[in-house]
Every structure is written in C-alpha cells, then in structure tokens.
Amino acid sequence: MRVRAIIKRIVQQFLRDKRSIALMMVAPLLVMTLLWLVLDLEQYDPAIAVTDVPVQMQDLLEEQDATVEEMSSAEAEEALQDKTVDAHLIWDQDQVKLTLEGSDPTASSAVQQVLNQASKQMNPNTLNMEVNFLHGSTDLNLFDNIGPVLIGFFVFFFVFIIGGVSFLRERTQGTLERILATPLRRWEIVIGYLSGFGIFIILQSIIIATFSIYVLDIYMEGAFWSVLVITFLLAIAALSLATLLSAFAKNEFQMFQFIPVVIVPQVFFSGIFHIESVGWLEAIGKIMPLTYGADALKEIMIRGQELSAVLVDVWVLIGFSLAFILLNILALKQHRKL
Amino acid sequence: MSSFISLNGIQKSFKDETVIKNVDLAIPRGQLFGLLGPSGSGKTTLVKIIIGLLNPTKGTVHIDNQTMPSLKLMQEIGYMAQSDALYSELTAKENLQFFASIYGIPKKKQKQRIQEVAKIVDLTDHLDKTLEHYSGGMKRRMSLAVALLHQPKLLILDEPTVGIDPVLRASIWQDLKKLQQQGTTIIVTTHVMDEAEKCDNLAMLRDGYVIAQGSPEQLIEKSNTETLEEAFLHYGKITYE
Ligand SMILES: Nc1ncnc2c1ncn2[C@@H]1O[C@H](COP(=O)(O)OP(=O)(O)OP(=O)(O)O)[C@@H](O)[C@H]1O
Ligand SMILES: [Mg+2]
C-alpha cells in the first residue's frame, strides 16, 4: 500500500535525524523541568522590619516563617530602600502602620498574608473559617495549576516546529513535487505524512505526560490515558496546521515567523491568564486549538474529570484537525490539479 | 496514426510573464524526442506541463488519447526532474525501495528491478550509502534510476546527463536507445548539441516558442547549414526578424 510506503520512509528518515528526535522528545522535558524548578518553589517568606511591636506579635509573625528584625523607624526606612526587608510594621499605641516596599507583588501579598494569619491568632474572636477544597488542595501551587496548559503548549509547539519544517523541506528540496509525478493521490500523501509523524507524536505525548506526572509530580487527579488522548489530538492539530502553513513559507526562516503569530498568542488565551471578563478576547481564544486542549487537560488533571466530561473539547480538536487536513489536500493543488 | 503525445496550443504564464507561447507538439509512440533550447527557454516548464505538475494557462495535453493530468497515466511515466529530488537521509536502496512501493512493484520483483537499474547507472556498489554522501553526478544517476524503476512506457528526462562524465554518458545514451527499441517513448531536454543529434526528432525552443521542428538532418538541411548549432542560430534569427 502506498500510504504505508510513505509512513515507512518518514520513520526511516526521522530515525536518521538524531537532532530532531532530541528536539521532539528531550527538549520539552528540559523546558518542563526548568519551569518546574521556577514555579514549584516553596512559597515566599517575607522579611519584616518591626518598630515597637509587642513580643507576642513578633513571635506570631515568626511562626508564619517571616523573618522579623527589630529596628528604629529610620533604620527601617533605609532597609526598605535597600530592599533588605519587604515591609515595615510600626506599633504606635493603638495605631498600627504597615509600609510595604511594594515593587514585588509576590512579596507584598506574602507580607499581608503573614500579617493576616498572625492577627487572626492574636485575636481569635474574628470569624473562624474552615476551608475545604472541592478540587485540588492547599498544596496546589502555580506549577500544578498551569502545568496542564504547559504540557499542551509544549506538545503543540515542538510538533509544530518539527512537522512544519520537515514538510517544508519536502517542498523546497523538490521531493514533494517529485512524488506528485507518481500515481500517488494527494490525500495519500497527506495521510501518509501525518501517520508517519503520528508514530513519533504518540511517543512524544507518552514521554511528556509520563515525565510531568510521575517525575515532576504535577498534580494529577484524572486518568493517565485521558491525558494521552488529549495531548495526541492536540499534536495532530499542531502537525496538520504546520504542514498547511508550510505551503505559505518559502524557507525555514519564514516557517519560524509563524511562531509569534500563530503559536505564542495561543498561550495567552489558553487559561494561564484569566480573560473571561473581556468578551472579545475570549472570542479570539475560541478559534485556537490550544484553548480546547488546555481546557480539557485542566479538567482531567486538576478536576479529575473523565474524557466524557470534555467531549466538546475532544470534538473541537478533531474538527480543527480534519479542517486542516482537508485544506492541506487542497493546498497540494498548487502542484498538481488532480 | 494519431500521435502518442500531443500538445495543443499550450501557453503558460507566471503572473504577467508568459514563458510558453502557443506550443503545438506531436510525438509518435516509440520516438526519442529532444527538446533543445538555451537556459531559460522554457524546457523544464514545458516538460512539467506534459506530466501535469503545472497547469497550462491555455491549451491541452493528451497522452495515449487521455487528457493530462491523469493518475492512471502517471503510472506509465518515468520522470527525472532537473534538480535531484531524493531523500538525502536515506540510502540509495531505501530511496529506490520507496519509489518501487509507490509504483506498486511487487516485493519480489523490487529486488530484481533495483539491481537492474543500479547496473544501468553504474551504482551497484554504492546502494547502501546515504545520499548525503553521494557526489552530484551520482545523485543525477540515482534520479535516472528512479525514473527507470517501474519500466514506464514514457520516459521524461529533464537534462539527464548534466554532471555525468563522457564515458557514463555514452553508456546511458546506449541504454536509452535500448529502451527505445523495446518500445519506450522518450522525451529528453538538453542544451547540448551532440546529444540533440542522437534524437529522432527535435523541437527547438527559444523564449517559449518552438522555432523549428524535425529530425536533426532535416533541420540542418532546411536551414542550409552544416551543424545543428548553426541551424539553431539560423532558426533563431528568422524568428526574430
Ligand atoms: N514558478 C515560476 N515562477 C515564475 N517564473 C518562472 C517559474 N518557473 C519558471 N519560470 C520562468 O520561466 C522561464 C523558463 O524556465 P525553465 O525552467 O522552463 O527554463 P529551462 O529551459 O528549463 O532552463 P534551464 O536550461 O536553465 O533549465 C524562465 O524565464 C523562468 O524565469
Ligand atoms: Mg530546465
């Protein structure tokens, strides 16, 4: 069968190209690990300068892991300027005054949280709340939260680059035209190409998902194979989009020019940032495959949903791929009418 | 007898530049037909139109009474592109195996055919090298091997012997003659006069026009010249005066 011949050829070619294999299989792991190191850090412990603060309060602050330093107002002001402390707390009879350094929101909110906790314990009569989590837990940090989006993004990104460039090379080195001078049908070429790469895509999806979930220990409530299904669908969408766009690039450099236009914006709309409040922004997100892939991955990994609960995402991703594949077959008409 | 290949009123424009201007050709079955013309005269363009890789702006191509492009006819055509379109990561054998499968040559016969074509282009000893390590001339020969692989009825070769040494070139022409005797129709583009002389019939192409057609002897005779080269210059002059 002719499609099988194409698949076999792509596998042979790809196996000889060690660099691309590394880029597709290892690079995402490397980037995920770096992000994990950065985002999975323990929460920030603020340093607070105190003036005339009662010892009891100071102890409570230290219990919250804050570094407490007693100093005079003048010293504290200097320390704030030098950024050696994040805040200055003054206890002036019943007047409590807090000055925040303020340039780093993470530090500022850490200070406020520490103070909140401490004052709650100073005065236990304030509203005492028991907090429960429907999904996730207190341990759910930033990496766990955006991890599913990152998995989706890196699958999309690396498949897009490798798939797009290799199809582009078929165009520039003339082999695409050459096989159009054979009885191959246009759909056979597209399907053969996607299937040949599909084998490596499945491998890549398994590697990225396994690594993130079992090595980086990203928060995961749902089923592993559901994650695989979504990453695979996302990768097929990326591959078919990349092969399609390669028809509009003259060389590798022009292919890379699609990254800021097509790939990067998808990150903004895929759930890392909250954009629900702006209607038209949300509308843009709706035409991007990553939005659906990331949504499904979040539902599965953080909220523990079944694949059946994200069927809409699944169908939309399949729809994107089918549309791109059809357009691919049509785009080959520029080489051969039939 | 209706001809095997017929081009009727072929025109081809890229954007606003017309590169093939009203070409009519009729090539009988079994002929070794040469398209002779200087660089940029439109040989490659015309050849691509014949196999259907380019759509003519105007006109039609018929091969064996069928309109091109036709997938059924693609099976009967062997094409050697001007630039070697091969997979450089793969070995010569793997390249040949790929094309053999595309043309549906049964597994058993593949081995035999690969050996046969490798022998014709003298690459038998280099079949297991990846094409990255092939020289320019070796790649050229590989392209020819691919074109011959499925024993097509029609061979279309775009400057097949560029970069090939005289000894091998002579042997390739011998093989082409042999194929022709077995009934293969062959279209060859060239800008080398001594190769053109080996063709049964020639079309001289210049700036997208066919300025003369006929056998090499006829062309020389009609133009009252001694050599094809002079004849070519002669016809060029008439057209431009
Ligand atoms: N895709 C294209 N777009 C625009 N112009 C083109 C295109 N392909 C070919 N041409 C033009 O058509 C003309 C004929 O080109 P063609 O490649 O057919 O020449 P040729 O006779 O094969 O030359 P050579 O002997 O150098 O291979 C040239 O002027 C070329 O610039
Ligand atoms: Mg040419």
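Residues numbered from 1 in each chain as written. Chains lettered and ligands numbered in written order. Predicted model: local features only at pLDDT ≥ 70, side-chain atom pairs only at ≥ 80, totals over all residues. Heavy atoms only, no water.

Visitor: Could you give me a rundown of the environment of Leu216(A), with the residues and numbers involved?
Guide: All names here are of chain A. Tracing the chain through its elements places Leu216 in the loop between α9 (186-215) and α10 (224-246). In this structure the C-alpha to C-alpha distance between Leu216 and Asp40, which are 176 residues apart in sequence, comes to 9.5 Å. Among residues more than four places away in sequence, those in contact with Leu216 are Met32, Thr33, Trp36, Phe143 and Phe211. (Helix = DSSP H or I, 4+ residues; strand = E, 2+ residues; numbered from the N terminus. Contact = heavy atoms within 4.5 Å.)

Visitor: Please set out the domain arrangement of chain A residue by residue, giving values where relevant.
Guide: Taken domain by domain, chain A consists of domain 1 (47-133) and domain 2 (142-334). Using only C-alpha atoms to locate each centre, domain 1 of chain A and domain 2 of chain A end up separated by 47 Å. (Domains from an automatic or database assignment.)

Visitor: Give me the interface of chain B and chain A: which residues, what numbers.
Guide: Taken together, the contacts link 29 residues of chain B with 25 residues of chain A. Roughly 2600 Å² is buried in total at the junction of chain B and chain A, and carbon and sulfur atoms are behind 61% of that figure. Along the contact surface separating chain B from chain A lie 3 salt bridges. The closest approach of N and O atoms between Lys48(B) and Glu177(A), which form a salt bridge, is 3.1 Å. For the interface between chain B and chain A, the tally reads 7 residue pairs in polar contact (both at pLDDT 80 or more). The set of elements that each furnish at least two residues to the side of chain B that touches chain A consists of α1 (43-51), α2 (71-74), α3 (92-102) and α5 (136-148) of chain B. Residues of the side of chain B that touches chain A, tallied by class, amount to 17 nonpolar, 8 polar and 4 charged. (Buried area = accessible area lost by both parts, 1.4 Å probe. Salt bridge = Lys/Arg side-chain N within 4 Å of Asp/Glu carboxyl O. Polar contact = N/O pair within 3.5 Å; in protein donor to acceptor, adjacent residues only side chain to side chain. Nonpolar A, V, L, I, M, F, W, Y, C, P; charged D, E, K, R; others polar.)

Visitor: Outline unusual backbone geometry, listing residues and values.
Guide: All names here are of chain B. Note the cis peptide between Met68 and Pro69, where omega equals 0 degrees. Here Pro69 is to be found in the loop between β5 (66-67) and α2. Of note in this structure, Asn65 is not a glycine but carries a positive phi near 65 degrees. Of note, Asn65 is situated in the loop between β4 (58-63) and β5. When its relative accessible area of 62% is taken as the criterion, Asn65 is described as exposed. (Buried < 20%, exposed > 50% of the residue type's maximum accessible area, 1.4 Å probe, protein only.)

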